[in-house]
Amino acid sequence: MTSSIPLSTPLDPARVSVSFITIDGSKPLLLLVNGEPEQVDEVHAKEILSSEDLEVQVELEVAAHDVHSIPALRRAFVAASKPI
């Protein structure tokens, strides 16, 4: 299920970072940093992806003058992450 809502400030892909994190505190698996794909260590990726508990961390950096758009970003993320 995907959904979207209009944002008061456009999302800048160059300011988006995505990583996988386990709760055991091991090194995160960085997938996207500031809009750029990272070189992925396949052995480390296999370790992370085989973990029972996995967190997907999405960082949407906004400038100080864009702070008013954060609630809209949260609503969009929550709506997109609800199970079908």
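The paragraphs below set out a description of the structure included in this document. (Residues numbered from 1 in each chain as written. Predicted model: local features only at pLDDT ≥ 70, side-chain atom pairs only at ≥ 80, totals over all residues. Heavy atoms only, no water.)

## Some words on the sheet that holds strand β1 (residues 16-22)
The strands making up a sheet are joined through hydrogen bonds of the backbone, oriented either antiparallel or parallel. Cut-off, in case you're wondering: Here a strand pair is declared whenever DSSP counts at least two bridges between the two strands. Only DSSP runs of H or I reaching four residues or more are called helices, and only runs of E reaching two or more are called strands; each is numbered from the N terminus.
Reading across the sheet, the four strands line up as β3-β2-β1-β4 and stay open at both edges, with antiparallel pairing between neighbours. The sheet is open, and its two edges are formed by β3 (36-37) and β4 (54-60), each paired on a single side.

## Observations concerning a nonpolar patch on the surface
Just so we agree on the cut-off: Residues form patches when they are more than 30% accessible in relative terms and have no salt bridge. Like charges link within 9 Å. Nonpolar side chains (Val, Leu, Ile, Met, Phe, Trp, Tyr) link within 5 Å. Here the Shrake-Rupley method, with its probe set to 1.4 Å, supplies the accessible areas, and only the displayed protein chains count as covering residues. Salt-bridge detection follows one rule: a side-chain nitrogen of Lys or Arg within 4 Å of a carboxyl oxygen of Asp or Glu.
A surface patch of nonpolar side chains, about 290 Å² in accessible area, is lined by L11, V56, V58 and L60. In this structure, V56 sits in strand β4.

## Comments concerning helix α1 (residues 42-49)
Each α-helix turn comprises 3.6 residues. Residues three or four places apart therefore point the same way. Let me state the cut-off plainly: The buried label goes to any residue with under 20% of its type's maximum accessible area, the exposed label to any with over 50%, and the partly exposed label to all in between, with areas taken from a 1.4 Å probe on protein chains only. Directions drawn from the helix axis to the C-beta atoms are what define this arc. Between two residues, a contact is recorded if the distance between any of their heavy atoms is within 4.5 Å. Polar contacts, as counted here, are pairs of nitrogen or oxygen atoms within 3.5 Å of one another; within protein the pair requires one atom able to donate a hydrogen and one able to accept it, and residues that are adjacent in sequence qualify only if both atoms are side-chain atoms.
Of the residues making up α1, those classed as buried are H44, A45 and I48. Viewed end-on, α1 has its buried residues packed into an arc of 100°, placing them on one side of the element. Across α1 from its buried face, at more than 90 degrees, point the exposed residues E42, V43, K46 and E47. In this fold, the buried residues of α1 make contact with β1, β2 (29-33) and β4. Its side-chain oxygen at 3.1 Å from the backbone nitrogen of V43, D41 defines the N-terminal cap of α1.

## Brief notes about the pairing of β1
Within β1, seven of the seven residues are buried, leaving the element largely enclosed by the surrounding structure. Side chains V16, V18, F20 and T22 of β1 all project onto a buried face; the interleaved residues S17, S19 and I21 project onto the opposite face, where all are buried too. Pairing of β1 with β4, which is carried by seven bridges, proceeds in the antiparallel orientation. Bridge pairing links V16 to L60 in β4.

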